[in-house]
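Report on the structure
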Amino acid sequence: MRAVLARWVDPFVVTLFAVLVLGLLAPVPAGAQRVVEVVADLAVTVLFLVYGMRLSTREVWAGLRNVRLQGAILASTYVVFPLLGFLVAWAVAPLVGAGLAAGVLFLSVLPSTVQSSVAFTSVARGNVAGAICGATVSNVLGMLVTPLLVLWLLSDAAGAAPGDAGEVVGGLGGLRTVLLQLLVPFVVGQLLQPWVGGWVRARRWLTLGVDRGTILVVVFGAVAAASSAGVWASVSGWAVVAVLGVSAVMLAVMLAATWWGGAALRLPHEDRVALLMCGSKKSLATGLPMASVLLPVAVAGVVAVPVIVFHQLQLMVCAVLARRLALRA
């Protein structure tokens, strides 16, 4: 019995669930919330610094040149997921209302999340270099692609025209975040890699600890911020349950599509893991600021709910999947 529990119950997943509940129930003062945000930003910066030190430059170039993997990640993020979101939003609008249905559609056009995609790829022993390249390119392109898709598909809710000043500011702000918080630490790590790479690679516990610690801090910060902003008070409990069910269906479809799509493309196992983790996720860190820039305040609050719910669900599910894939590897 103990062996079965050890195989199926991951202490990290239990901890992740506890952190999620703590973020929902424990009120966080504004000053403390700011501290949590700073700690989360520092954790993400350290995460990509460690990845830069761990990966050989040859692996990074191989990830960039992996056209099939990079193309599959982009197609999953900006073609397959938006089509799925459009169909699901149309189907569930009578059930959850127009605002939450718009949130489902908004969710589907967001870029892939970077830090958790890369962290789970690492935990699952997939192609980390390919995941870093794919998730980063997805986010850089998303600064332009996502606002255009939002203003096209959600024009009624957006109440704005393409070329709005807010769109440009949001795009530049997101691009600055990607550059300063993710790419710069990674490049610094690559410059240090010839001297410290062997030492870091010999200590898997270091990258594993940074991976999981970053995920825990990011999850707590996101949930606590949503609770402090009163996001959950703006919708009924039934609506949240319905959005959770819709999110579960969308996540299951995308996980199946990316995993078996990778098999159809004859990708190696490590590349299939990277596609699974990058192509099935959506970025909360990018989504909430974009919602506040592109949509009226009254609309942005409701639209943010599916993004938050899906974000937490994808972390919980992919934590379990990463453990299972690591055991298989």
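As the structure is a prediction and not an experimental result, all values here were calculated from the model.

1. What to know about helix α13 (residues 269-279)
Given 3.6 residues per helical turn, the α-helix brings residues three or four places apart onto the same face. Most of α13 sits out of view: nine of its eleven residues are buried. When α13 is considered as a whole, its buried residues turn out to be Asp271, Arg272, Val273, Ala274, Leu275, Leu276, Met277, Cys278 and Gly279.

2. What about the environment of valine 123?
Note that valine 123 resides in helix α7 (residues 115-123). A sequence separation of 203 residues divides valine 123 from alanine 326, and the C-alpha atoms of the two residues are 6.6 Å apart.

3. So, the nonpolar core
Ranked by internal contacts, the top residues of the largest apolar core, which has 48 residues, are Val88, Phe106, Phe120, Met250, Met277 and Leu325. When residues of this core are traced back to their parent elements, those giving at least two are α5 (67-96), α6 (98-108), α7, α8 (128-153), α12 (237-264), α13, α14 (284-294) and α15 (297-328). Broken down by element, the residue count for this core peaks at 13 residues, all from α15. When sequence neighbours within four positions are dropped, the list of residues in contact with valine 88 reads Val104, Val246 and Met250.

4. What about the confidence of the model for the chain?
A low pLDDT score tells you not to read the predicted coordinates there in detail. Confidence in the prediction for the chain averages 79 pLDDT; 78% of positions are at 70 or higher. For the chain, per-element mean pLDDT is lowest for helix α1 (residues 2-8), which scores 49, and highest for α13, which scores 94. Below a pLDDT of 50 lies the segment residues 157-172, which in the model reaches 20 contacts outside its immediate sequence neighbourhood of four places, other chains included.

5. Comments concerning the packing of aromatic side chains
Within the structure shown, the criterion is met by one aromatic pair. Arranged with centres 5.8 Å apart and planes meeting at 75°, the rings of phenylalanine 81 and phenylalanine 310 form a pair that is edge-to-face. Here phenylalanine 81, found in helix α5, pairs with phenylalanine 310, found in helix α15; they are 229 residues apart in sequence, far enough to count as distant. Given the relative accessible area of 0%, phenylalanine 310 is considered buried. Looking at lysine 282, its charged tip hangs above the ring of tyrosine 78, at a distance of 5.9 Å from the centre.

Cut-offs used in this document
- Residues numbered from 1 in each chain as written.
- Predicted model: local features only at pLDDT ≥ 70, side-chain atom pairs only at ≥ 80, totals over all residues.
- Heavy atoms only, no water.
- Buried < 20%, exposed > 50% of the residue type's maximum accessible area, 1.4 Å probe, protein only.
- Helix = DSSP H or I, 4+ residues; strand = E, 2+ residues; numbered from the N terminus.
- Core = buried A, V, L, I, M, F, W, Y, C linked by side-chain atoms within 4.5 Å.
- Contact = heavy atoms within 4.5 Å.
- pLDDT = per-residue confidence, 0-100.
- Phe/Tyr/Trp six-rings, centres within 6.5 Å; stacked < 30°, edge-to-face > 60°.
- Lys NZ or Arg CZ within 6 Å of the ring centre and 35° of its normal.

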